[in-house]
Amino acid sequence: QETTCSPNMNDLFGRGGEPFPADFAGFLGLLVPEDREEMQSWVETACTQPAVDPLMFRAQWPDGNIHWYEAVGRIIHSGPTKELRLAGVVSDVTKRQRAEELRALSEARLAEAQRISRVGSYESDCINKSVYWSDGLFEILGLDRGTFELNEENVLRLVYEPDRAGYLETFKNAQRTSESYEGEL
């Protein structure tokens, strides 16, 4: 399987002046061993399907650093014999992947801090009428995330009935003024 690549592939894979592999097996050799089989399977699927989902994979640069990539490809029929060719684009998404990993780590730390301190957090999207609660808030209120339907109406039912009018007024005032508010359930 011959591989033809754009001239910037050497830079994209941190290879500098080294020649880029001329065949698919050589390309697979650039990938971390754990991702080679999935890449092989993705290419095989791409050769039989009109469209395939993008593939995330990792490659190790000559300096030892691991970079993340996303491949998007499709089959084209080319030449007088209408032979099948896989045409694709590969992008270095290392920064995006690292940012996602840091975000996930930050969320995990927040969840752990809330669990330890027995606090919870919430967000309310006033435009789309959606509500988000942290696991800690569900736990504090003794509610099951899987069975409690989280919406504004059900949240309001949790507010002590004599306090509902004041709660709604505080909430609506915060919407009007775009200021923070405090309230108790």
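Refer to the structure presented above.
Owing to the predicted nature of the structure, the values given are computational and were not obtained by experimental measurement.

Draft legend 1. Representation of the overall build of the chain within the structure. On a plain count of helices and strands, the chain comes out with seven helices and five strands. Overall, the chain shows an N-to-C arrangement of helices and strands of α-α-α-β-β-β-α-β-β-α-α-α. The C-alpha radius of gyration of the chain comes to 26 Å, more than 25% above the 16 Å expected for a compact globule of 185 residues. In terms of its C-alpha atoms, the chain occupies a principal-axis envelope of roughly 80 × 40 × 35 Å.

Draft legend 2. Quick peek at a nonpolar patch on the surface. Nonpolar side chains collect at one region of the surface, where Val 119, Ile 140, Leu 141 and Leu 158 lie side by side and expose about 270 Å² of accessible area between them. Its place among the elements puts Ile 140 in helix H5 (residues 135-141). On the basis of relative accessible area, Ile 140 is assigned to the partly exposed category, the value being 37%.

Draft legend 3. Quick look at the pairing of strand S4 (residues 122-125). Looking at chain direction, S4 and strand S5 (residues 130-133) are connected through four bridges and run antiparallel. By the bridge assignment, Tyr 122 is partnered in S5 with Trp 133. Linkage of S4 to S5, two consecutive antiparallel strands, is achieved through a turn of four residues, within which Lys 129 is found at a positive phi near 60°.

Draft legend 4. Highlighting the side chain of Thr 94. Looking at where Thr 94 falls in the secondary structure, it is placed in helix H4 (residues 94-117). The exposure class of Thr 94 is buried, given its relative accessible area of 4%. Excluding residues that lie within four positions of it along the chain, Thr 94 makes contacts with Ile 66, His 67 and Trp 68.

Draft legend 5. Broad picture of the pattern of salt bridges. Evaluated as defined, the whole model comprises 11 salt bridges. By sharing partners, the salt bridges in this structure join Glu 34, Asp 35 and Arg 58 into a single network.

Draft legend 6. Here's a closer look at the environment of Asp 63. Assignment of secondary structure puts Asp 63 in the loop between strand S1 (55-60) and strand S2 (66-78). On the accessibility criterion, Asp 63 (51% relative accessible area) is exposed. Remark: the alpha-carbon pair of Asp 63 and Arg 15, spanning 48 residues in sequence, is separated by 9.1 Å. Engagement of the side chain of Asp 63 in a polar contact is seen with the backbone nitrogen of Asn 65, the distance being 2.9 Å.

Draft legend 7. Broad picture of the packing of aromatic side chains. Evaluated as defined, the whole model comprises 10 aromatic pairs. Centre to centre, the rings of Phe 57 and Tyr 69 are 5.5 Å apart; their planes meet at 20°, and the pair counts as stacked. A residue pair is termed long-range when its members are at least 10 positions apart, and Phe 57 in strand S1 and Tyr 69 in strand S2 qualify at 12 residues. The same class applies to Phe 57 and to Tyr 69, which are both buried. Aromatic rings pair up to connect Phe 13, Phe 20, Phe 24, Phe 27, Phe 57 and Tyr 69 into one cluster.

Rules and cut-offs
Residues numbered from 1 in each chain as written. Predicted model: local features only at pLDDT ≥ 70, side-chain atom pairs only at ≥ 80, totals over all residues. Heavy atoms only, no water. Helix = DSSP H or I, 4+ residues; strand = E, 2+ residues; numbered from the N terminus. Rg over C-alpha atoms; globule rule 2.2 N^0.38 Å. Patch = residues over 30% accessible without salt bridge, like charges linked within 9 Å, V, L, I, M, F, W, Y side chains within 5 Å. Areas by Shrake-Rupley, 256 points an atom, 1.4 Å probe, with all protein chains shown as cover. Salt bridge = Lys/Arg side-chain N within 4 Å of Asp/Glu carboxyl O. Buried < 20%, exposed > 50% of the residue type's maximum accessible area, 1.4 Å probe, protein only. Pairing = 2+ DSSP bridges. Contact = heavy atoms within 4.5 Å. Polar contact = N/O pair within 3.5 Å; in protein donor to acceptor, adjacent residues only side chain to side chain. Phe/Tyr/Trp six-rings, centres within 6.5 Å; stacked < 30°, edge-to-face > 60°.

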